[in-house]
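Next come the chains, spelled out residue by residue.
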Amino acid sequence: MQTLVVKPDEAAILRAAELIRAGELVAFPTETVYGLGANALDAQAVPRIYQAKGRPGDNPLIVHVAAPEAVAPLAFVDERALALMAAFWPGPLTLLLPKKPIIPSVTNAGLPSVAVRMPDHPVALALLAACGVPVAAPSANRSGRPSPTTAAHVLADLQGRVPMILDGGACAVGLESTVLDMTAEVPTIVRPGGVTQEMLRRYLPDVRVADSVMRPLRPGEKAVSPGMMYRHYAPSGQLTLVKGTPGAVAQACKAQYEQAVAQGKRACILAFAENSHRYAGLTVRQIGSLAAPDTIAHELFAALRAMDDAGMEIILCEAVATEGIGLAVMNRMCRAAGFRVLEV
Ligand code: TXA
Ligand code: MG
């Protein structure tokens, strides 16, 4: 199969919508990461997503809609969910709601809930409107790789596996949406993202973060969000997350780096703009600025992919505080590191 990467003008969006209505796949930009879309209501089309990604079939998909009103046929919506949609949609908030029978079990892995989200991106919204059907879309990466934040990342993973990629440039947020379980007794963040716990508290004073967000699953434990079960985001090299005061972190990163280089290994340090002067003469890649934590979210996945492209074998990454968007950043960093954290 040939993969077309196209500029998302009106004609391209109509062509993409036709493909989706015909049961094919299209990769498209959202404000978080690129998605790999299929008609969410077509039980023949959705399995193609799993095939193209190499994704385990027990990992449910997010259903994307063009407007809050489009959720009513798909899921049971209560007052609290309506208030959240009004406050945060379009935007990086996915709601888990009790599903209605129209959802084929292949879309939500046969669970009682379905994940719904209205993305904040003109191309995604134009595509959804043109399709006229809800679109199931996981991140458009091969399973296990970092989520794609540019069309080039999608092409690197899915060339020959999808007919069309709409190229909308780099994604603004850079990390996947917050997944909020509204079917739990207490509303629970099962995946942190751009809409933070602090932002949600205004609408849901009791909102909590699932404790599995910041630790590995225990043997035999069932994931609240099945996607959290799998090895995720991990580069091929060994990534260690280094946590502590800036001076101590820099010292530890340098020591580990020099040890790796002495063993003939390719090494790199992922550092914040404020700290990169501490690593003069070493191979460093900046991953945003502590003064603007959104920039760290924006840079992280591209940096992880760049480590693979450069064949880095040892990667030392500075940690952030788990406040605001920092919780989402650390959740992804910890998984990329396989929970290899060095506290100094
Ligand atoms: O920002 C995003 O959310 C992107 C863009 C494309 O919208 N999509 C995305 O999808 O990240 P995906 O499939 O890579 O991640 C969806 C996560 C997975 O961890 C999945 O297990 C969880 O949401 N999920 C989906 N439906 C669920 C359900 N019914 N119950 C529990 N977890 C669910
Ligand atoms: Mg994903």
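Criteria and cut-off values
Residues numbered from 1 in each chain as written. Chains lettered and ligands numbered in written order. Predicted model: local features only at pLDDT ≥ 70, side-chain atom pairs only at ≥ 80, totals over all residues. Heavy atoms only, no water. Domains from an automatic or database assignment. Contact = heavy atoms within 4.5 Å. Buried area = accessible area lost by both parts, 1.4 Å probe. Polar contact = N/O pair within 3.5 Å; in protein donor to acceptor, adjacent residues only side chain to side chain. Nonpolar A, V, L, I, M, F, W, Y, C, P; charged D, E, K, R; others polar. Core = buried A, V, L, I, M, F, W, Y, C linked by side-chain atoms within 4.5 Å. Buried < 20%, exposed > 50% of the residue type's maximum accessible area, 1.4 Å probe, protein only. Helix = DSSP H or I, 4+ residues; strand = E, 2+ residues; numbered from the N terminus. Pairing = 2+ DSSP bridges. Axes fitted to C-alpha atoms, helices over the stretch in contact; angles between N-to-C directions. Arc of directions from axis to C-beta. Salt bridge = Lys/Arg side-chain N within 4 Å of Asp/Glu carboxyl O.

Parsing the chain into structural domains produces domain 1 (4-74 + 95-175) and domain 2 (238-343). Here the C-alpha centroids of domain 1 and domain 2 sit 30 Å apart. At the interface, 14 residues of domain 1 touch 12 residues of domain 2. When domain 1 packs against domain 2, close to 1,000 Å² is buried across both sides, 59% of that on carbon and sulfur atoms. Joining domain 1 to domain 2, the criterion identifies seven residue pairs in polar contact (both at pLDDT 80 or more). For the side of domain 1 that touches domain 2, a count of residues per class yields seven nonpolar, five polar and two charged.

Turning to the nonpolar core, a few remarks are in order. The nonpolar side chains of soluble globular proteins are, as a tendency, buried together. If you look at the biggest cluster of nonpolar residues, it comprises 44 residues, and the most contacted ones within it are Leu 95 and Leu 180. Within the residue set of this core, elements represented by two or more residues are strand 3 (35-39), helix 2 (46-53), helix 3 (79-88), strand 5 (93-98), strand 6 (113-117) and helix 6 (151-158). Contact partners of Leu 180, with chain neighbours within four places excluded, come to Leu 84, Leu 93, Thr 94, Leu 95, Leu 96, Pro 187, Thr 188, Ile 189, Leu 200, Leu 204 and Val 207. Grouped together as the second largest cluster of nonpolar side chains are 29 residues, Val 33, Phe 272, Val 320 and Ala 336 included.

Time to look at the sheet that holds strand 1 (residues 4-6). Remark on secondary structure: sheet strands pair via backbone hydrogen bonds, oriented parallel or antiparallel. Read across the open sheet, the 11 strands follow the order 1-8-2-3-7-4-6-5-9-10-11; overall the sheet is mixed. The sheet terminates laterally at strand 1 and strand 11 (208-209), the two strands that pair on one side only. Pairing between strand 9 (residues 178-181) and strand 10 (residues 188-191): three bridges, direction antiparallel. Bridge assignment links Leu 180 to a residue of strand 10, and that residue is Ile 189.

Take the sheet that holds strand 12 (residues 238-243) next. Taken together, the five strands give an open sheet; going across it, the order is 14-13-15-12-16, and neighbouring strands pair in parallel fashion. Of all the strands in the sheet, just strand 14 (284-286) and strand 16 (341-343) have a single pairing partner and so form its edges. With direction set aside, neighbouring strand axes in the sheet form an average angle of 25 degrees. Summarising the sheet, strand 12 and strand 15 (residues 314-318) pair through five bridges and their orientation is parallel. By the bridge assignment for strand 15, Gln 238 is matched with Ile 314. Packing of helix 8 (residues 246-262) onto the sheet brings it into contact with strand 12, strand 13 (267-271), strand 15 and strand 16, and relative to strand 13 it is tilted by some 165 degrees. Here helix 9 (residues 293-309) sits on the sheet in contact with strand 12, strand 13, strand 14 and strand 15, set at roughly 155 degrees to strand 14.

For helix 5 (residues 122-131), the full list of buried residues reads Val 123, Ala 124, Leu 127, Leu 128 and Cys 131. Down the axis of helix 5, the sector holding all buried residues measures 130 degrees, keeping them to one side. Exposed residues lying more than 90 degrees from the buried face of helix 5 are Pro 122 and Ala 129. Remark: Gly 132 follows helix 5 within two positions and exhibits a positive phi of approximately 70 degrees.

In this structure the tally under the stated criterion is nine salt bridges. The salt bridge involving Glu 31 is made with Arg 117; its shortest N-O contact spans 2.8 Å. Here the residue Glu 31 occupies a position in the loop between strand 2 (26-28) and strand 3, and Arg 117 occupies one in strand 6, the gap between them amounting to 86 residues. Residue Arg 117 is classed as buried on the basis of its relative accessible area of 2%. Arg 305 is the partner of Asp 157 in a salt bridge, and the nearest nitrogen-oxygen pair spans 3.0 Å. Taken together, the positions of Asp 157 in helix 6 and Arg 305 in helix 9 put the pair 148 residues apart, joining distant regions of the chain. Of the two residues, Asp 157 and Arg 305, neither departs from the other in class, the shared state being buried. The structure contains a network of salt bridges with shared partners spanning Arg 145, Asp 157, Arg 305 and Asp 308.

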